[in-house]
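Chain residues, written in single-letter form:
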Amino acid sequence: MRQPWRVAVVGGGIAGLAAAVRLRDRAPAGTEITVYEQSGALGGKLRTGELAGQPVEFGAESFLMRDPTGAESAAVALARRLGLAEKIVHPTVGQAALVVDGGLRPIPGGTLVGVPGDLDRVTTVARPAADADTDGGRPLVGPDADVSVGALVRSRFGDEVVERLVDPMLGGVYAGRADDLSLVTTMPALARAARVEHTLVGAVRAAQAAAPRAPGAPVFGTLAGGLSTLVEAAVTASGATVRRDAAVRELTPTATGWRLTVGPTRDPELVDVDAVVLAVPARPAARLLAGPAPAVAAGVGALDYASVALVTMVLPQPRLPELSGFLVPSTEGLLIKAATFFTTKWGHLRRPDGLALVRASVGRYGEEAHLQRPDADLAATVHRELSAVLGIPLPAPVDGHVQRWGGALPQYAPGHADRLAAARTALRAAHPTLVLAGAGYDGVGIPVCVRSGETAAEEIITALGGSAR
Ligand SMILES: Cc1cc2nc3c(=O)[nH]c(=O)nc-3n(C[C@H](O)[C@H](O)[C@H](O)COP(=O)(O)OP(=O)(O)OC[C@H]3O[C@@H](n4cnc5c(N)ncnc54)[C@H](O)[C@@H]3O)c2cc1C
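Report follows, based on the coordinates. (Residues numbered from 1 in each chain as written. Predicted model: local features only at pLDDT ≥ 70, side-chain atom pairs only at ≥ 80, totals over all residues. Heavy atoms only, no water.)

1. Here we look at the sheet that holds strand β22 (residues 434-436)
Then, in step 1: The strand order β12-β2-β1-β16-β22 describes an open sheet built from five strands, whose pairing is parallel. Only two strands of the sheet have a single neighbouring strand rather than two, namely β12 (241-243) and β22. Looking at each pair of strands side by side, their axes are set apart by 20° on average, direction ignored. (Pairing = 2+ DSSP bridges. Helix = DSSP H or I, 4+ residues; strand = E, 2+ residues; numbered from the N terminus. Axes fitted to C-alpha atoms, helices over the stretch in contact; angles between N-to-C directions.)

2. Examining the site of the ligand
Then, in step 1: The local shell around the ligand holds 35 residues, among which Glu 37, Lys 45, Ser 62, Ala 439 and Ile 446 are the closest.
Then, in step 2: Residue Ile 14 places a main-chain N or O atom 3.2 Å away from an oxygen atom belonging to the ligand.
Then, in step 3: In isolation the ligand offers 1000 Å² of accessible surface; the protein chains occlude 89% of this area.
Then, in step 4: Residues of the shell around the ligand, tallied by class, amount to 23 nonpolar, nine polar and three charged. (Near = heavy atom within 4 Å. Polar contact = N/O pair within 3.5 Å; in protein donor to acceptor, adjacent residues only side chain to side chain. Areas by Shrake-Rupley, 256 points an atom, 1.4 Å probe, with all protein chains shown as cover. Nonpolar A, V, L, I, M, F, W, Y, C, P; charged D, E, K, R; others polar.)

3. With respect to the pattern of salt bridges
Then, in step 1: Using the criterion set out here, one finds 26 salt bridges in the structure.
Then, in step 2: Ionic pairing is found between Asp 442 and Arg 424, a salt bridge with its closest N-O pair at 2.9 Å. Of this pair, Asp 442 sits in helix α14 (residues 439-442) while Arg 424 is found in helix α13 (residues 416-430), placing the two residues 18 residues apart along the sequence.
Then, in step 3: For Asp 442, a relative accessible area of 30% translates into the label partly exposed.
Then, in step 4: Residue Arg 424 is classed as buried on the basis of its relative accessible area, which comes to 17%. (Salt bridge = Lys/Arg side-chain N within 4 Å of Asp/Glu carboxyl O. Buried < 20%, exposed > 50% of the residue type's maximum accessible area, 1.4 Å probe, protein only.)

4. Side note on the side chain of Thr 186
Then, in step 1: Checked against the element boundaries, Thr 186 lands in helix α5 (residues 183-186).
Then, in step 2: A residue is classified by how much of its surface remains accessible, and Thr 186, at 10% relative accessible area, is buried.
Then, in step 3: Filtering out sequence-adjacent residues up to four positions away, Thr 186 remains in contact with Val 149, Leu 170, Tyr 174, Leu 181 and Tyr 412. (Contact = heavy atoms within 4.5 Å.)

Everything listed is a geometric property; what it means functionally is a separate question.
Structure follows, in structure tokens:
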């Protein structure tokens, strides 16, 4: 293998950047790493903006501190690697609410993304079906099977638990419906337990016991300076050459690696590299794979995406409840899907002038038409709905921002993990120096995407014949 290695990372989101850092740490010294990002900014769905003179997240807001096994999450490990561990802060108010019949009720504790391990604890918001979760003498889910989260929970706990708890909580992450989302990909710990346990209550408890949490240990963290500081620190640590406004439009195999076609159609740049980490969402990945690996492209490109908009408002002295925010079941008929009271939830964002930052997320899978309205209209609707849910007329905002994330959240249908494994196996066999990473494949969330990028980097190192340092 020619030295030094030249590795292209296509996509400057957190998966691509985590791959670049891992390549720098483990690939032979001198490896040339170049990150190609089609937009003008790195970070992808991590984007810290500014409102009322302080940093505010216009994309992802926080990360899980632990992974499903209970170990430190890959996001925390990356922050530590980048010297940012000291900057991790946790919510000061963790209690959130659910909108039920137009009013707010505290979200019951002890659930796994809304799936209860103790039915008595959720009766304040939903009535579980009586006696449906019986032991049928075999595991809930077969050894290789996948089902939708909604189908499993409906059959065991009834419709109300899905509609009032699981749907809004899963929807808070995926903007999709429990009935469409894969158990294996969206709730892997529960899926593992469901392959052993005979009741859903038993499976939830087993999954919780497999990842015990010290009492009071924080579930979420973020970085005091904003998540874009993670992006900047990763770029610096990777020592990568960064090419912004540089869309990769074609990948062509060569005798020794890959030729990238970069930039505008009329004036393309051709770049030869030894290996590629493809860290872009599934749709653009499928377009790039169509030439070198058409069957893999078809498998990867089948993934559907939901679009959302985040409406952030700066409100003078509003009377907000002591809650981190609220989630809205789709049955409530509101445009708002979730709201976060940033300045209540995060102590480091509280302001002496009493200005409050409130962010609402709008848009569910299949309801893209609701987003087809001007920003001002969207913001006015959100303001009206917030006032109605809180039961107080909120003051007029003094500033605001609407961030649209088109086609941003993958909708992993049941069977996604198997389809992806087959696509990866085929890609590895045909083209071992081209590796997929990111949310289009392994699941949404900063920790999952960091790990996905790191794993891709290690596969590239193995494929190029290097040993991990
Ligand atoms: C609104 C929203 C809120 C979220 N909130 C949270 C949260 O609070 N906590 C959490 O853990 N997760 C959250 N997530 C999920 C998380 O942000 C994502 O799963 C993760 O950031 C995806 O990272 P990625 O690198 O895989 O992809 P992306 O962030 O999508 O990055 C891919 C990059 O590739 C670039 N690209 C695409 N095509 C090309 C091309 N042809 N050439 C070059 N570049 C290209 C894109 O411009 C983009 O920058 C949220 C997601 C959204 C949309």
